[in-house]
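# Remarks on the overall topology
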Amino acid sequence: MKKSRIILALKAQALADKEKALMALDLLENQAVGIGDHTANDFFKDATESLQLLAEAEDRLDMINKYFND
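Notes on the structure in this doc start here. Keep in mind that this is a model prediction, so the values were computed, not measured.

The rules behind the values
- Residues numbered from 1 in each chain as written.
- Predicted model: local features only at pLDDT ≥ 70, side-chain atom pairs only at ≥ 80, totals over all residues.
- Heavy atoms only, no water.
- Helix = DSSP H or I, 4+ residues; strand = E, 2+ residues; numbered from the N terminus.
- Expected span 1.5 Å × (residues − 1).
- Buried < 20%, exposed > 50% of the residue type's maximum accessible area, 1.4 Å probe, protein only.
- Contact = heavy atoms within 4.5 Å.
- Salt bridge = Lys/Arg side-chain N within 4 Å of Asp/Glu carboxyl O.
- Axes fitted to C-alpha atoms, helices over the stretch in contact; angles between N-to-C directions.
- Parallel < 35°, antiparallel > 145°, perpendicular 65-115°, else oblique.
- Left-handed = near helix turned anticlockwise from the far one by under 90°.
- Nonpolar A, V, L, I, M, F, W, Y, C, P; charged D, E, K, R; others polar.

### Section: helix 1 (residues 5-30)
Over its 26 residues, helix 1 runs 37 Å from end to end, which matches the ideal 38 Å to within 8%, given 1.5 Å per residue. Taken together, the buried positions of helix 1 are occupied by Ile-7, Ala-14, Asp-17, Ala-21 and Leu-28. Taken together, the buried residues of helix 1 touch helix 2 (40-68).

Structure representation (structure tokens):
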């Protein structure tokens, strides 16, 4: 069964969000000096938001694979 364009688009968006979150966490963890002027609270808030984005993207990918996998 061929996947519809909407499912393909949803999967692409979830994959993009996953990569965006991983990139942000990598920058925060390994290259924090390049981020600019961040307080500890800003830094932690950005890390938390990135982790939430990663978790949500993984959840969406799991649901797509569970219900729309060929």
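### Some thoughts on the pattern of salt bridges
In total, this model carries 3 salt bridges according to the counting rule given. Notably, a salt bridge pairs Arg-60 with Asp-17, separated by 2.8 Å at the nearest N-O pair. Highlighted residues: Arg-60 in helix 2 and Asp-17 in helix 1, separated in sequence by 43 residues. Owing to a relative accessible area of 28%, Arg-60 belongs among the partly exposed residues under this scheme. A salt bridge links Lys-45 to Glu-49; the shortest N-O distance between them is 3.7 Å. A residue pair is termed a helical-turn pair when its members lie 3 or 4 positions apart in one helix, as Lys-45 and Glu-49 do in helix 2 at 4 residues.

### Focus: the packing of helix 1 against helix 2
As a packed pair, helix 1 and helix 2 sit with axes 8 Å apart at the nearest point and diverge in direction by 150°. For the element pair helix 1 / helix 2, the angle class is roughly antiparallel. The handedness of the crossing between helix 1 and helix 2 comes out as left-handed. Counted by class, the contact of helix 1 with helix 2 contains 18 nonpolar, 3 polar and 7 charged residues.

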